[in-house]
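Examining the three-dimensional arrangement
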Amino acid sequence: MDHLRFCLNDRWIDLKDISPTTTVLRYLRDHAHLTATKEGCAEGDCGACTVAVAEERPDGKRTYRAINACLLLLPMVQGKRVYTAEALKRNGEYHLVQRAMAENLGSQCGYCTPGIVMALFEACYRDDLDQPWKIDAQMAGNLCRCTGYRPIRAAANEVAGKRPDDHFAQALGPGVKDEPMQLAYTSPHTQQRYYNPATFEELWDVLDREPEARIVAGGTDLSLEVTKRYADPPVLVSLEAIAGLKGVRPGAGGGHVFGATTPVTDLEDWASAHSPPLERMLRYFGARAIKNRATVGGNLCNASPIGDLAPVLIALGAEAVLRSRAGERRMPLEDFFVAYRKTALEPKEILAGVKVPPLPPHARVSAYKVSKRRELDISAVSAGLCVTVDPTSRRVTSARLAYGGMAATPARARKTEAALVGQVWTEDSVLAAAKQLAEDFTPLSDHRGSAPYRALVARNLLLGFFEETKAQPCPRLPHPHTATVEVR
Amino acid sequence: MRKPRELEPPSTPPPSALTEVRVSPLHQPALHESGLRHTSGEALYVDDLPHPPGMLVAWLVTSPHAHARITKLDTTKAKAVPGVHAVLTHAEVLGLNNVGPVVHDEELFASTEVHFHGQTVACVLAESYRAAREAAARVEVAYEPLPAILTIEEAIRAGSFLGDAHVMRRGDVKAALAAAPVRVSGTVDNGAQDHFYLETQVSLAVPEEGGAVRIHSSTQHPSEVQAIVAHVLGVGRQRITVEVPRMGGGFGGKETQAAGFAAMAALGACVTGRPVKVWLNRDRDMMTTGKRHPFHSRFDAGFDEDGRLLALDVDIYANGGFSTDLTGAILDRALFHLDNAYFIPALEFRGRACRTNLPSNTAFRGFGGPQGMLVIEEALNRAAERLGLDPAEVRRRNFYGAAPRNRTPYDQEVKFEDNRLLRLFDEVMKSAEYARRREAIAAFNASSKYQKRGLAFQPVKFGISFTTSHLNQAGALVNVYADGTVQLSHGGTEMGQGLHTKMLAVCAHALGVRTSAIRVMNTATDKVPNTSATAASSGADLNGQAVKAACEQIRERLRPIAARLLHADPDEVIFEDGEVYARGRPSARVPFREVTAQAYLAQVSMSATGYYRTPNIHYDRVAGKGKPFHYFAYGAAVVEVEVSGLTGEHRLKRVDIVHDVGASLVPTIDRGQVEGGFVQGWGWLTCEEVLFDDQGRLRTHSPDTYKIPAFGDAPLDFRVQLLENAAQDDVIHGSKAVGEPPLMLAIGAVTALRHAIAAFGPPKHEVQLRIPCTPEAVLFAIEHAKRAASR
Ligand SMILES: Cc1cc2nc3c(=O)[nH]c(=O)nc-3n(C[C@H](O)[C@H](O)[C@H](O)COP(=O)(O)OP(=O)(O)OC[C@H]3O[C@@H](n4cnc5c(N)ncnc54)[C@H](O)[C@@H]3O)c2cc1C
Ligand code: FES
Ligand code: FES
C-alpha cells in the first residue's frame, strides 16, 4: 500500500497527504473532529487519549487492546480497526461500560473519562480478568485526579469480561480480518517516509536505500521525540509487519526465544504461565496501554539504564540475537549494552530477539522493581537476581545479580557475585557480600531517588531475595501486596 | 447509601424533606448531571469547541532564568515566519500589562525583568503550532542573570516578603510554655503540589463587533477573567463576555491563574482580528503555573502529662513565589487552621509569606488549611509518641468542647450544639473497629520483621466562607419558558465537583419541576455578573441560595395563575414533580407547563434573578479576631497502612471516613468529593514531589516525573459514610460544604505511617518522617528508628 488506510469507528479512511508522524490523537482532534479522545500529557502517562484497536492475540483470536493514541503514529494502525469513545454510543444507546461509569459516578470533571471508558472497553472484551489485582493492572495507565478511583474500580468490576454479544463483539470476527499492514508511504508535503516492510528482504532493501532510516517497533519511546521534542524523523522503518519477529517460541536446544516485536502484553501472558520472575517485573512495567504497544526489542534497544526487561533477562542468562543481511550473531545480553543508551548494534542491523535458556538446576530467582509510585512509574532501582545453591553443601555455585538504575547501563554486580560464590547461602553471607555493592556501583541522585536510597535498596533487595526464596525458589508476587519484595 | 438514579424524583417521599413538597430530588442520590455525556465525548470542554474559521494558535516564549534583566527583545525575525500573524509582548498590550488579581504585581508579559523560570515574555500567534513554535525559536531575547531567591530560608534571610505579618494571640504563651510539664518543638515542612487537572489551561477568544470579545475559558472565576481582560485591553467590562462550559478539573489552579492565558487570547483576538486559542501543553502548564504553597513552620508546644495542649507557639512561612496572587488569603487560612479540631488555651501564631523566584503559588483545595493543620498534627503525634499514648486518644482529649474550651485562636465560637467532633469520633472509631484493629496490628508487628502496619485516627474541622468577607455573595438567573421548561444560570462553575447537579436539585425543588425539564447553562458573565470564584468549598452554599431565591420569585408569580387553574386559594397551591395541586387534593393536578402557558398569556414575567450574601461574617486582621466563618465542616477518618522495611514502599489497606456534610443536597455527589479529596490529599502527603533544581528550574513538569495517585493507590478497602441527622441551620437546605475538608483527612495516613515506622524503633520512639512520605522518606525514617532501637 502506498497510502495510509485504517478503519476508524467503522469507516475506512484513506489519507494521502499527511505527515506520517502525525499521531492518531492529533488526527482525531485536529482532522477528524472527534474530540472525545483528550490530550493530558502526550507522553503515555495519563491515559486520557486511550483508544481501542482490534489486534490478534498470540492464540490467533482477535481482541481489543487499549492504546495511547498520543504515542500512536498513523502508520501504526495501517489496515487496522480503531474505535474511540464516540463510537460506543450506538443508536442512542450507551455501551455497557459507559452506563457502568455513569451509574457508579465514575466521572466528576469527566476529562479522564473517555480514556477510562476505552480502557474499560478492553476489559469488557478480555476473558482473563479474574482477580482484583488484574483489574488494577488493566486500569493503571489511566489517571483520574477527581474521583480517587473507588467508583471506577466498581465500574471495572461490573464490566470486566462481560463481552456483550454486540456490534463490537461481531467486529472481532470470526470472518473479520484486518487489511495488510505493509506500507511504503511518502508524504507529498513533508517528504517524510514511513515503511512497514513485510519481509526481511524488504527490510534490508529499505535500510540499504534509506541511510537516514530509524527503526521503530511499538513507538512508545520513539514517538516521544515527536510529541515532546517536536522532531520530524525523515524516515521510519517499522518492524511490526514482519511476521517472523513477533511472538514467543521454543528455542533450539531448550529455552525460549522472545521475538523482538513481541508486545510486552503478550510476553506477560506467556510469563504468567512460565516465568514468575519475568511476570513479577512485567506486572509493574508501564501500564496496560503501554504494554499493548511496547516491544521486547524496543525496550532493550533503548539501552536505558532503567529499562525493566534487562535486569531480569540478564539474571535469567539471556542472549541477544542480532540480525542483518549478513546473517545472525549472538552475545550475552549484558554485553549488548556497551554504554549509556548505546548498544552493540551495527548500522543496518536489528535486534531479532532474545534467547532465554532453561533455568539451571537448584536456581533461586526473582525480580524486583522499586519506584516512587508503584504503578506506571520508571524504576528507581530494579533487580533481577539468580543464584544456584548446591542442595547438600548449601554453598552458592553461581550468581547472576543484575541491577537497573545503579549505573549507566543495566549491569551485573560482579564483585558482589564473586563474594557470594562459594559461600554458604545464609543471611550473614548475603549481608557480607552485599557490602561489595558499594564497589560495584556508584548510583546517581535524581528525582526518582537519592544515591544513598538507591544503595540501601539495592542491598535490601538482596536481603529480601534471600528471605523470599527460603520457602520458594522461584516466588510469585503475592496479591495484594505492599512492596516489590514482601517478607514478614 | 442507596443506588443513585437518573435525576428524576423518587416515587416515595424523601425522609428528610424540609418543606411540604414530598416528591423532590433534594437529598436524594443522583448521577452526575453530565455523567453519561462524559463517557461519550458529548461533554464539551473549551479545547473541544469547533474551531472558528481563521483561528490562530499560540506558543509561549518563556524565561530560561529564575531572575534576570531583559536586555533585548526583538520579534522581527519571528514575525517573518510564514503563517505567523502576531507576536505579543508587553509592547502590544493595549491597556494595563498586569494580571495580578489582588495586588497588581504580576505582568502579563515580562517587560524589563523576569522573576521565575518559565515566565512568559512573548506569545506567538500563528496558523499552526508548527509555525508558532518555529517563530518562538526566533524571538530574540537577551538576559542578564540576577541573583535568585528560591527557598523560604533564603527569602527570610533576604527579608523578601509579600504583604504583612498576620498574628493571633491568646494568653501568655511564654509563661504557659515554661510551665508545661511536656515540651515538644520542631519544624514542619511541606512541599508544593501541582494541581494536575487533567485538562490544562485553555482559553479561546473570539472577536465580536464593536471591539468586543467573547472568551471561552477554563476558569473557576469568569468575572475576574472578565475584569482582568478588560484591564489588559483598556476597555469597559461590558465589552468582555466570559463563558465557561465546564472544566476538566480545577482544584484551585484555575481560580486566578486562568486569567493571564485568557488575556493573551483576548489581546491576540483584538490585535489580529481573528479567533485565538491559547492552550498549554502539560509541560508548559506545569512550568508556568503556580502550585500549592510549600510552607516551613517552627513550633513549640506545651502539653500536660495526659497529652492535653497547654500552649502553642508557631511561626509559619509560606513560599508565595514571585507575586502575591492569593497568597495573603492562603496564609490567613493556614493560620485559621493551625488549631484544626483542638482547643489551645494559650497561643501565639505568626505568619509571613515569602517572595521567591518561583511560579506564583496559588489556591489549591484546602487553601492553606492543610499546611496549617500539619503543624498541630505533628505536635500531637510527637507528644503522643513521647508519652506513649494512643494518638487517637490524645486527639480526642484536645477536641473543642463546652465553654471555655470553645473559642478558636481568632476568637470565633465553636458552637457546642454544632460541634460534631465527638459524634464523629465515636462513630468512626466504632465502625472502623479501631481498638480491635490496633491490638491486631500490635500482634502483627511483633511477629513480622520486615513489614509493619499502622493505624490512625484523623479529625478535621474546616471553616466555611471566603475569609475576605465581601466575596461571600452569589447570583443566579432563571428563565422559565412558556412550555414549562427551564434554563438555569448561576454564578458557579462546574469543574467536576457536581455543583450543577446540586443546583438542578435546588431548582427542581423550588419550582416543583422534574430535573429533566431544566437545563443548566454554561456559566457566563452576561447571564450573572460580578460573581465570586467557585472556590472555598462555597459553590453550593452561595449559588444554591441565589438559585433558590430566583426560583421562588417565579414560583410565587405563578402561584395565582395555578390557583386559578385549580380553583383553589393561592396559599394552598403545591408545586411538585412537574405539576401543581391544591393541598389536600393531590388527585386533581394540572401540569406545570399549563401554568406557564397561562402565565405567558396573562403577561407574567417568568424570568428572575436571585442574589445571596452570607450574613454576619467579619474579621479584623490587625487584631487577629472576628467571625470569619459562617460555620465549620467536620469529618473524621481511620486509616490503616502497611510499610515495607526493605524498600519503604507502603500501601493504604483500609480507610474509614465519616463526614459531616449536613443534610446532603445530593449524597452520591458528596461521597465522590470525600473520596476524591482524600486520595488527592494522600497524593500530596506521600507521592507527589515538586522538585526544582538549584537554578529554579522545575524538574518534575510532566506525569513522567510527577506522580499523582494511580489506580492501585486507592485504598483497597474504602468505606465512606455521611453523618446522619446532621442538618445545619442557615445553610441551603441544611447542607454543608464538602469540596475541601476531606482532603485533610489524608493527614491520618501520615500518622498511620508513623505508627508503622515506630514499630521498627524502641518504645516511645519519636518518628522523624519528612513530607511527602515517599518510599525513600519512609525507608530513611525506618532506618532512623532502627538505629534508635539498637542504641
Ligand atoms: C508511559 C510510559 C511508561 C513506560 N514504562 C516503562 C517501564 O515501566 N519500564 C520500562 O522498561 N520501560 C518503560 N517505558 C519505555 C518503553 O515503553 C519501553 O522501553 C518499550 O519496551 C519500548 O518498546 P517500543 O517497541 O515501543 O520501542 P520503540 O519506541 O519503537 O523503539 C525504541 C528504540 O529502540 C529501537 N528499536 C526498537 N526495536 C528495535 C529492534 N528490534 N532492533 C533495533 N532497534 C530497535 C528504535 O529505533 C528506538 O530507538 C515506558 C514508556 C512510556 C511512554
Ligand atoms: S495524552 Fe496522556 S497518555 Fe496520551
Ligand atoms: S473525573 Fe476528573 S480527572 Fe477523572
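Residues numbered from 1 in each chain as written. Chains lettered and ligands numbered in written order. Predicted model: local features only at pLDDT ≥ 70, side-chain atom pairs only at ≥ 80, totals over all residues.

What to know about the overall build of chain A
Spelled out, the test is: The helix count covers DSSP runs of H or I at least four residues long, the strand count covers runs of E at least two residues long, and both are numbered beginning at the N terminus. Radius of gyration here is computed from C-alpha atoms only, and the compact-globule reference equals 2.2 Å multiplied by the residue count raised to the power 0.38. Residues with at least 20 neighbouring C-beta atoms inside 10 Å of their own are called buried, those with 12 or fewer are called exposed, and the rest are partly exposed, where every C-beta is derived from the backbone. Contact between two residues is assigned whenever their backbone-derived C-beta positions fall within 7 Å.
Helices and strands together make up the secondary structure of chain A, namely 19 helices and 20 strands. The C-alpha radius of gyration computed for chain A amounts to 23 Å, which stays within 12% of the reference 23 Å derived for 488 residues, consistent with globular compactness. Buried positions account for 59% of the 488 residues belonging to chain A. By sequence separation, contacts in chain A at least 24 residues apart represent 67% of the contacts at least 6 residues apart.

Structural notes on the overall build of chain B
From N to C terminus, chain B includes 19 helices and 29 strands. Taking 28 Å as the expected radius of gyration for a compact globule of 791 residues, we find that chain B reaches 27 Å, a close match to that expectation. With the C-alpha coordinates of chain B rotated into their principal frame, the extents come out at 90 × 80 × 50 Å. Each of the 791 residues in chain B was classed as buried or not, and the buried ones make up 64%. Restricting to contacts in chain B with at least 6 residues of sequence separation, those with at least 24 account for 80%.

Examining the pairing of strand β13 (residues 327-332) of chain A
Residues and elements named next belong to chain A. In plain terms, the rule: A pair of strands is labelled paired if DSSP reports no fewer than 2 bridges between them.
With 0 of 6 residues buried, β13 is to be regarded as a mostly surface element. Pairing between strand β12 (residues 319-324) and β13: 6 bridges, direction antiparallel. The residue of β13 that forms the bridge with Ser 324 is Gly 327. Count of turn residues in the β12/β13 antiparallel hairpin: 2 residues.

Details of the domain arrangement of chain A
Residue and element names in this part refer to chain A. Convention followed: Segmentation into domains, and thus their bounds, comes from an automatic or database assignment. Each residue is assigned to one of three groups, with Ala, Val, Leu, Ile, Met, Phe, Trp, Tyr, Cys and Pro labelled nonpolar, Asp, Glu, Lys and Arg labelled charged, and all others, Gly among them, labelled polar.
Entries for chain A in the domain assignment read domain 1 (1-178) and domain 2 (248-471). Each partner contributes residues to the interface: domain 1 has 15 residues there, and domain 2 has 10 residues. Breaking the side of domain 1 that touches domain 2 down by element, the ones donating at least two residues are β4 (62-68) and α5 (132-139). With 4 residues, the top contributor of residues to the side of domain 1 that touches domain 2 is β4. Split by residue class, the side of domain 1 that touches domain 2 holds 7 nonpolar, 6 polar and 2 charged.

A closer look at the packing of helix α18 (residues 747-758) of chain B against helix α19 (residues 775-790) of chain B
A pair of packed helices is characterised by two quantities: the angle between their axes and the separation of those axes. All names here are of chain B. Where we set the bar: Note on geometry: axes are C-alpha line fits, over the in-contact stretch for helices, and angles between N-to-C directions span 0 to 180 degrees. By definition in this entry, angles of less than 35 degrees are roughly parallel, angles greater than 145 are roughly antiparallel, angles of 65 to 115 are roughly perpendicular, and the rest are oblique. Two helices crossing with the near one rotated counterclockwise from the far one by less than a right angle form a left-handed crossing, whereas a clockwise rotation gives a right-handed crossing.
One way to put it is that α18 packs onto α19 with a least axis distance of 9 Å and a crossing angle of 40°. Here α19 runs oblique to α18, going by the angle between their axes. In terms of crossing hand, the pair formed by α18 and α19 is right-handed. Every residue of α19 that contacts α18 at Leu 753, Ile 757 and Ala 758 is listed here: Val 778, Ala 781, Ile 782 and Ala 785. Classifying every residue of the contact of α18 with α19 by side-chain character gives 7 nonpolar, no polar and no charged.

Overview of the site of ligand 1
Residue and element names in this part refer to chain A. We count it as follows: Using a C-beta atom placed from the backbone for every residue, we mark a residue as near a molecule or strand if that atom lies within 6 Å of it.
Around ligand 1, the structure places 31 residues, and the nearest of them are Gly 44, Gly 218, Gly 297, Gly 298 and Asn 299. Counting residues per element, the ones that place at least two in the shell around ligand 1 are β8 (214-216), α13 (296-301) and β16 (350-356). Here the shell around ligand 1 gets 4 residues from one element, more than from any other, and that element is α13. Both domains that meet at the shell around ligand 1, namely domain 1 (1-178) and domain 2 (248-471), each give it at least three residues.

Digging into the domain arrangement of chain B
Residues and elements named next belong to chain B. Taken domain by domain, chain B holds domain 1 (47-147 + 201-279), domain 2 (295-467 + 620-790) and domain 3 (473-613). Once you take the C-alpha centre of each, domain 2 and domain 3 turn out to be 39 Å apart. Taken together, the contacts link 18 residues of domain 2 with 16 residues of domain 3. Considering every element that reaches the side of domain 2 that touches domain 3, the biggest residue donor is helix α17 (residues 667-686), with 3 residues. Looking at the side of domain 2 that touches domain 3 residue by residue, the class counts come to 12 nonpolar, 5 polar and 1 charged.

Comments concerning the packing of helix α17 (residues 427-434) of chain A against helix α19 (residues 451-471) of chain A
Residues and elements named next belong to chain A. One way to put it is that α17 packs onto α19 with a least axis distance of 10 Å and a crossing angle of 160°. Comparing the axis directions of α17 and α19 gives the class roughly antiparallel. Crossing handedness for the pair α17 and α19: right-handed. Contacts between α17 and α19 involve Glu 427, Val 430, Leu 431 and Ala 434 from the former and Arg 459, Leu 462, Leu 463 and Phe 466 from the latter.

Details of the interface of chain A and chain B
If you look at the interface, chain A gives 66 residues, while chain B gives 65 residues. Elements with a contribution of two residues or more to the side of chain A that touches chain B: α2 (85-88), α3 (96-103), α4 (113-124), α5, α6 (150-159) and α19 of chain A. Ranked by residue count, the leading element in the side of chain A that touches chain B is α19 of chain A, at 6 residues.

Some details on the nonpolar core
Defined as follows: To count as a nonpolar core, a set of buried Ala, Val, Leu, Ile, Met, Phe, Trp, Tyr and Cys residues must be joined through C-beta atoms within 7 Å.
Within the largest apolar cluster, 426 residues are counted, with the highest numbers of intra-cluster contacts made by Leu 120 of chain A together with Val 124, Ala 266, Cys 507 and Ile 757 of chain B. In this view, Cys 507 of chain B contacts Val 478, Val 486, Leu 488, Ile 518, Val 547 and Cys 551 of chain B; residues no more than four positions away in its chain are not counted.

Points about helix α11 (residues 391-398) of chain B
Residues and elements named next belong to chain B. Selection criterion: The directions considered for the arc are those from the helix axis to the C-beta atoms.
Residues Pro 391, Ala 392, Val 394, Arg 395 and Asn 398 constitute the buried set of α11. Down the axis of α11, the buried set is contained in an arc of 160°. They therefore lie on one face. On its buried face, α11 sits against β14 (309-319), α10 (369-387), α12 (421-431), α13 (434-447), β16 (451-464) and α18.

A few points about the sheet that holds strand β9 (residues 235-238) of chain A
Residue and element names in this part refer to chain A. Reading across the sheet, the 4 strands line up as β6-β7-β9-β8 and stay open at both edges, with mixed pairing between neighbours. If you trace the sheet from one side to the other, it starts and ends with β6 (183-186) and β8, each paired once. With direction set aside, neighbouring strand axes in the sheet form an average angle of 15°. Of the pairings in the sheet, the one linking β6 to strand β7 (residues 193-196) comprises 4 bridges and is antiparallel in character. Across the sheet, Ala 184 pairs through a bridge with Tyr 195, a residue of β7.

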